[in-house]
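Below are the chains, spelled out letter by letter.
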Amino acid sequence: MTDKELKNRVLSILGEIAPEADLDSLRSDLDFREQIDIDSMDYLNFVIALDEEFQADIPETEYTRFTSLDSCIDQLKRLLAKSE
Amino acid sequence: MAEFIMPSLGADMTSGTLIEWQKSVGDLVARGEIIAEVDTDKGVIEVEVFTDGVIEKLLIEEGDEVPVGTVLAIIREDGSEPNQPAEETVSETAESKSDIRQSAKDGQRVHASPVARKLANKLGVDLTDVNGSGPNGRIQREDVERTAEKPQTKSERPLAQKTATKDKNKRMRRAIASAMARSKREIPHYYLETTIDLGKALTWLEKENTGRSIKNRILYNVLLLKAVAIALKDFPELNATWENEKLNIKQKINIGIAISLRQGGLISPAILEADRQPLPDLMRGLRELVKRTRSGSLKSSELADSTITVTNLGEQGVETVFGVIYPPQVALIGFGKVYEGVTVRNGKMALSFKINATLAADHRATDGHRGGLFLAAIDRLLQEPEKL
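Here we take up the packing of aromatic side chains. In this structure the tally under the stated criterion is six aromatic pairs over all chains. A ring pair is formed by Phe32(A) and Phe46(A), whose centres lie 5.1 Å apart and whose planes are at 80°; its orientation type is edge-to-face. Placement of Phe32(A) in the loop between α1 (3-17) and α2 (40-54) and of Phe46(A) in helix α2 is noted, with a sequence separation of 14 residues between them. For the residue pair Phe32(A) and Phe46(A), the accessibility class agrees, reading buried in each case. Here Phe4(B) and Trp21(B) contribute two aromatic rings whose centre-to-centre distance is 6.2 Å and whose plane-to-plane angle is 50°, an arrangement assigned as tilted. With Phe4(B) in strand β1 (residues 2-5) and Trp21(B) in strand β2 (residues 15-21), this residue pair connects regions lying 17 residues apart in the sequence. Over the ring of Tyr43(A) we find Arg33(A); its NZ or CZ atom is 4.9 Å from the centre of that ring. Positioned above the aromatic ring of Tyr63(A), the side-chain terminus of Arg217(B) is 3.6 Å from the ring centre.

Residues and elements named next belong to chain B. If you walk across this open sheet you meet the five strands as β7-β2-β4-β5-β18, and the pairing is mixed. One side of each edge strand has no neighbouring strand; the edge strands of this open sheet are β7 (65-67) and β18 (298-299). When β2 meets strand β4 (residues 34-40), the two strands line up antiparallel, connected through four bridges. The residue of β4 that forms the bridge with Thr-17 is Asp-39.

Reading the values: rules and limits
Residues numbered from 1 in each chain as written. Chains lettered and ligands numbered in written order. Predicted model: local features only at pLDDT ≥ 70, side-chain atom pairs only at ≥ 80, totals over all residues. Heavy atoms only, no water. Phe/Tyr/Trp six-rings, centres within 6.5 Å; stacked < 30°, edge-to-face > 60°. Helix = DSSP H or I, 4+ residues; strand = E, 2+ residues; numbered from the N terminus. Buried < 20%, exposed > 50% of the residue type's maximum accessible area, 1.4 Å probe, protein only. Lys NZ or Arg CZ within 6 Å of the ring centre and 35° of its normal. Pairing = 2+ DSSP bridges.

Have a look at this one:
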């Protein structure tokens with residue numbers, strides 16, 4: 001899966017959790033929790049949705065590492081490569 | 001015979017519009033089953049029945065707005081004799097009043113099925129923009145779906161949809177204004193604040209979560225809720241309502257959670273019997289409740305039965321919350337953000353995580369002395385998180 005495909009799928013999940021957010025203007029290198037209205041429950045739902053969508057089996061120890069688009073892509077690439 | 005009435009889903013609700021009957025005359029119903037959907041200022045709510053039996057009569061038509069307390073249906077309870085003949089009071093085949101409603105927009109009439117109306121309400125679709133494909137141009141569910149699916153960017157979102165959302169927000173704002181104004185007018189609030197050391201609780205939780213999958217992760221908010229719920233057992237006068245000049249202590253501890261909605265506004269649905277739920281169940285319940293609140297699919301019991309409210313504004317950076325009690329309740333507990341602060345223990349200073357907890361309470365129901373003891377009990381419980 002390319003970075004672009006990964007990014008689009010991540011954005012789509014984020015869009016379901018925060019449908020009112022303007023995701024087009026999201027900076028991919030910054031914590032999205034500081035750019036759009038995402039609380040701890042939303043973040044938990046986001047990580048669970050990533051886990052389910054990509055069947056990534058995200059370890060609990062990595063729970064806090066999905067806070068920017070860039071970090072999501074890096075983490076997912078690593079986890080998907082590991083599971084192959 | 002039992003009467004199924006338009007429930008009061010909070011101090012701010014005076015009426016509701018029956019959107020859809022989910023049962024027909026002659027259907028068996030069981031306690032807790034959803035039998036109708038009602039549109040309120042807080043959105044569409046699924047209404048449960050509180051008796052086992054058979055639907056004898058449906059008295060209100062879909063689309064009718066009626067005051068709280070109006071009898072909507074008659075239910076023949078188990079064991080009682082049926083009235084003969086059991087007849088459908090509300091015609092399901094004839095075009096009901098709800099089918100044709102005067103549109104606010106240029107006086108045209110809108111023909112739509114109840115399901116289509118409900119869906120349009122949920123999706124923010126203005127029915128006057130939908131082309132009906134049913135008999136006589138009646139709008140069906142599929143027509144609403146088609147309209148909602150029309151490709152559009154956020155900036156191109158149709159004016160009608162924005163207007164529908166705005167109207168909903170206005171109604172909710174009015175409802176909140178009414179309840180909060182009543183609260184400040186009628187309830188003599190007193191406020192207490194304490195700082196709780198959360199160090200032990202957070203360390204314990206971190207360890208606890210390492211053994212869990214992401215799906216079963218527990219957030220610290222759940223520890224706060226459980227501590228409040230358990231503490232209330234020793235302070236029943238705070239788990240109560242003030243009505244007709246007297247205190248009504250509630251047997252069940254149903255904690256209302258203030259949940260902000262994405263489109264604006266606030267709803268406080270309840271986690272029922274929070275004191276009896278283990279932490280993982282409470283977490284699942286909270287997750288589910290937030291999800292359903294934000295997607296507009298709450299049950300009536302979750303809105304009608306809360307006995308106290310907890311609000312947590314810590315994630316918005318707030319240090320201390322001074323809440324407004326939701327009448328007729330008599331207390332509200334507020335939590336601020338978790339911050340690192342200095343703790344002095346045995347003459348030594350150390351850094352620790354802390355949180356400010358507040359109690360807003362009704363002075364007609366309790367005094368500051370009891371309120372202070374209650375906050376101290378929450379603090380004590382959070383120092384032994386493994387017992388929660």
